[in-house]
Amino acid sequence: MAPIDKNTPAQVLVNNYANHIKGKVILTTGVSPGSLGSYFVQSIAAAEPRYLILAGRNRSKIQQTADEIKASHPNVQTRLVEIDLASLESVRQAAAEINSWTDIPAIDVVVNNAAIMATEYALSREGVESQFATNHLGPFLLTNLIMGKILAATSPRVVMVASDGHRLSGIRFTDYNFDNGKVYNKWPAYAQSKTANMLMAISLAEKLASRNLLAFSLHPGVIFTNIANHLDLDSDFKELGALDREQGNPEGWKGLELKPVETGVSTHIYAAFDPDLAEHNGKYLIDCHVADPWVDTVKPWATSPIEAERLWKLSEELVGEKFTY
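Procedures and definitions
Throughout, a residue's number is its position along its own chain's written sequence, starting from 1. Per-residue local features are limited, in this predicted model, to residues with pLDDT of at least 70; the limit for side-chain atom pairs, both in listing and counting, is 80 or more; totals at the level of whole chains, interfaces and linings are taken over all residues. Hydrogen atoms and water are omitted, and side-chain values are computed over all heavy atoms in the structure. Secondary structure follows DSSP: runs of H or I at least 4 residues long count as helices, runs of E at least 2 residues long count as strands, and numbering of each begins at the N terminus. Each radius of gyration reported is based on C-alpha atoms, and the globular scaling rule is 2.2 Å times the count of residues to the power 0.38. To sort residues, take the accessible area from a 1.4 Å probe on protein chains only and compare it with the maximum for the residue type: under 20% means buried, over 50% means exposed, and anything in between is partly exposed. The contact criterion used throughout is that any non-hydrogen atoms of two residues lie within 4.5 Å. Using a 1.4 Å probe, the Shrake-Rupley method yields the accessible areas, and only the shown protein chains count as cover for residues. We count Lys and Arg on the positive side and Asp and Glu on the negative side, and we leave His and both chain ends out. Just so you know, the charge point we use is NZ for Lys, CZ for Arg, CG for Asp and CD for Glu. Site definitions follow a grid-based scheme: protein atoms alone, a 1 Å grid, a 1.4 Å probe that fits but cannot get out for cavities, and for pockets an open set with protein on both sides within 12 Å along at least five of seven lines, plus lining residues having an atom within 4 Å of a point. Grid points are joined across faces, edges and corners, and a volume is the space filled by probe spheres set on the points. Polarity classes work like this: nonpolar for Ala, Val, Leu, Ile, Met, Phe, Trp, Tyr, Cys and Pro, charged for Asp, Glu, Lys and Arg, and polar for all others, with Gly in that last group. Working definition of a nonpolar core: buried Ala, Val, Leu, Ile, Met, Phe, Trp, Tyr and Cys residues. They are joined through side-chain atoms within 4.5 Å. Should DSSP find at least two bridges between two strands, the strands are taken to pair. By convention, a crossover is right-handed whenever its connection, traced from the first strand over the helix to the second and viewed with the strands pointing away, goes clockwise. Pairing of aromatic rings covers Phe, Tyr and Trp, the last through its six-membered ring, and needs centres within 6.5 Å; plane angles under 30 degrees mean stacked, over 60 mean edge-to-face, and all others mean tilted. For a lysine, the NZ atom is tested; for an arginine, the CZ atom; a charge sits over a ring if that atom is within 6 Å of the ring centre and within 35 degrees of the ring normal. Salt-bridge detection follows one rule: a side-chain nitrogen of Lys or Arg within 4 Å of a carboxyl oxygen of Asp or Glu. For helices, the fitted axis covers only the stretch in contact; all axes are lines through C-alpha atoms, and the angles between them, taken along N-to-C directions, range from 0 to 180 degrees.

An unreviewed UniProt entry lists the protein under the name Short-chain dehydrogenase, with Aspergillus pseudoviridinutans as the source organism.

Here it is in structure tokens:
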């Protein structure tokens with residue numbers, strides 16, 4: 001296999017892991033055109049997975065991605081599912097649809113990629129801060145509701161697309177809604193949701209390793225895609241830098257290090273298919289390696305099994321359902 005590092009483009013990793021991708025069923029959320037999810041599924045299509053399940057809020061947009069896959073790789077089958085991760089009702093409907101597919105009895109890999117970032121204060125339909133609801137509670141519920149199909153796979157894997165943005169906040173267990181918006185800041189709110197992604201991977205690995213499940217979280221890098229279209233690149237990122245400096249994070253002084261999309265999904269592919277990651281179950285990945293807290297940005301609140309279990313219990317409470325494994 002070709003060596004990999006932070007500059008390795010997606011196609012090299014697809015070639016490296018072609019035997020691990022071929023014939024697999026892979027569900028990915030957030031695959032609208034221009035997204036990391038779209039580039040991820042189009043990249044791995046070259047290795048001929050059996051099914052690419054494309055999940056997104058807007059059917060016409062995910063259909064566009066499916067059409068692009070069909071045009072470039074006509075032998076790869078796609079299946080579309082509409083889901084609004086900010087709505088628990090929508091998540092339950094999508095999960096029921098996925099579970100009803102008798103021709104897809106198992107799902108090998110789930111990539112929880114969809115997210116919103118640094119949005120203004122809003123609540124989900126169930127009254128939860130929108131970034132926490134969309135980026136964590138929706139994926140938490142979806143993954144657990146389709147867990148039967150995931151565990152039916154020979155070597156099941158769940159990937160949580162997190163961010164080094166987790167550095168700005170742990171989980172606000174007693175005030176995840178920011179005092180009903182009174183103390184809201186969009187960057188710590190985003191950070192809380194990304195910490196949640198990391199803690200969920202830890203919980204899944206802890207609870208389901210005995211059933212052969214691998215779970216990982218990752219930071220893809222800073223890539224400008226449609227997730228940032230609503231941001232003012234001047235004022236919003238100045239605010240982010242100020243928060244980092246306030247907390248003493250080095251990112252506050254060194255600025256953004258941008259990645260092109262060609263390498264922006266490389267860690268997605270590494271997390272989803274690298275065969276040597278089994279010994280690192282539950283870990284957080286960055287630049288195609290297991291993050292090193294001595295070198296990389298990894299906050300202790302996002303790697304604590306105690307915090308992970310607290311979040312699991314809070315999440316069960318907020319979705320109104322228990323998942324015991």
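A. Highlighting the overall build of the protein. Looking only at helices and strands, the protein has 13 helices and eight strands in total. Whereas a compact globule of 325 residues would reach a radius of gyration of roughly 20 Å, the protein reaches 18 Å, a difference of no more than 12%. By principal-axis analysis of the C-alpha atoms, the protein measures approximately 50 × 40 × 40 Å. For the protein, buried positions account for 58% of its 325 residues. A separation of at least 24 residues holds for 77% of the contacts in the protein among residues at least 6 apart in sequence. Accessible surface, the protein: about 13,600 Å² in total, of which carbon and sulfur atoms supply 50%. Here the protein carries 29 positive and 37 negative side-chain charges, and the mean point of each set is 3 Å from the other.

B. Up close: empty space enclosed by the protein. Scanning the entire structure with this criterion turns up one cavity of 30 Å³ or more. Of the pockets and cavities examined, the largest cavity occupies roughly 40 Å³. In terms of lining, the largest cavity is formed by Leu85, Ala86, Leu88, Ser124, Glu126, Val128, Ala133 and Leu137. Residues that form the lining of the largest cavity fall into these classes: six nonpolar, one polar and one charged.

C. Region of interest: the nonpolar core. Residues Ile53, Ile98, Ile107, Phe132, Ile146, Val158 and Leu204 are the most contacted members of the largest nonpolar core, which totals 50 residues. When residues of this core are traced back to their parent elements, those giving at least two are β1 (25–29), β2 (51–56), α5 (88–99), α6 (130–145), α7 (147–151), β5 (157–161), α8 (186–208) and α13 (305–319). Considering every element that reaches this core, the biggest residue donor is α8, with seven residues. Counting residues in hydrophobic clusters, the runner-up holds 36 residues, among them Ala47, Val265, Ile269 and Leu277.

D. Molecular detail of the pairing of strand β3 (residues 77–82). Examined bridge by bridge, β2 and β3 share six bridges and lie parallel to one another. Residue pairing across strands places Gly56 opposite Glu82, the latter belonging to β3. The parallel pair β2 and β3, bridged by helix α4 (residues 59–72), forms a crossover whose chirality is right-handed.

E. Up close: the packing of aromatic side chains. Under the counting rule described, the total for this entry stands at seven aromatic pairs. Judged by centre distance (5.9 Å) and plane angle (75 degrees), the ring pair of Phe140 and Phe323 falls under edge-to-face. Of this pair, Phe140 sits in helix α6 while Phe323 sits in the segment after α13, placing them 183 residues apart in sequence. Among the residues examined, Phe323 registers a relative accessible area of 8% and is labelled buried. The interplanar angle of 80 degrees and the centroid separation of 5.4 Å between the aromatic rings of Phe178 and Tyr184 together place this pair among those described as edge-to-face. Under the relative-accessibility criterion, Tyr184 is labelled buried at 16%. Clustering of aromatic rings is evident, with ring pairs tying together Phe140, Trp312, Phe323 and Tyr325. Sitting over the face of the ring of Trp101, Arg79 holds its NZ or CZ atom 4.9 Å from the ring centroid.

F. Seen up close, helix α3 (residues 36–44). A large share of α3 lies buried, amounting to seven of its nine residues. The complete set of buried residues in α3 reads Leu36, Gly37, Ser38, Phe40, Val41, Ser43 and Ile44.

G. Local environment of the pattern of salt bridges. Counted under the stated rule, the structure contains 15 salt bridges. Between Lys186 and Asp236 there is a salt bridge, with its nearest N and O atoms 2.6 Å apart. With a gap of 50 residues between them, Lys186 in helix α8 and Asp236 in helix α9 (residues 235–247) connect regions that are remote in the sequence. When sorted by exposure, Lys186 lands in the same class as Asp236, which is buried. Note that Lys322 is salt-bridged to Glu316, the shortest N-O span being 3.9 Å.

H. Seen up close, the sheet that holds strand β7 (residues 284–286). The mixed open sheet is built from eight strands, whose spatial order is β3-β2-β1-β4-β5-β6-β7-β8. Each edge of the sheet is formed by a strand with only one pairing partner; in this case those strands are β3 and β8 (289–290). Contacts from α6 reach β1, β4 (109–112) and β5 within the one sheet, and its direction differs from that of β4 by about 170 degrees.

I. Quick look at the layout of surface pockets. Volume-wise, the second largest pocket comes out at about 300 Å³. The greatest single-element share of the lining of the second largest pocket, amounting to four residues, is contributed by α8. Split into classes, the residues belonging to the lining of the second largest pocket amount to eleven nonpolar, four polar and three charged.

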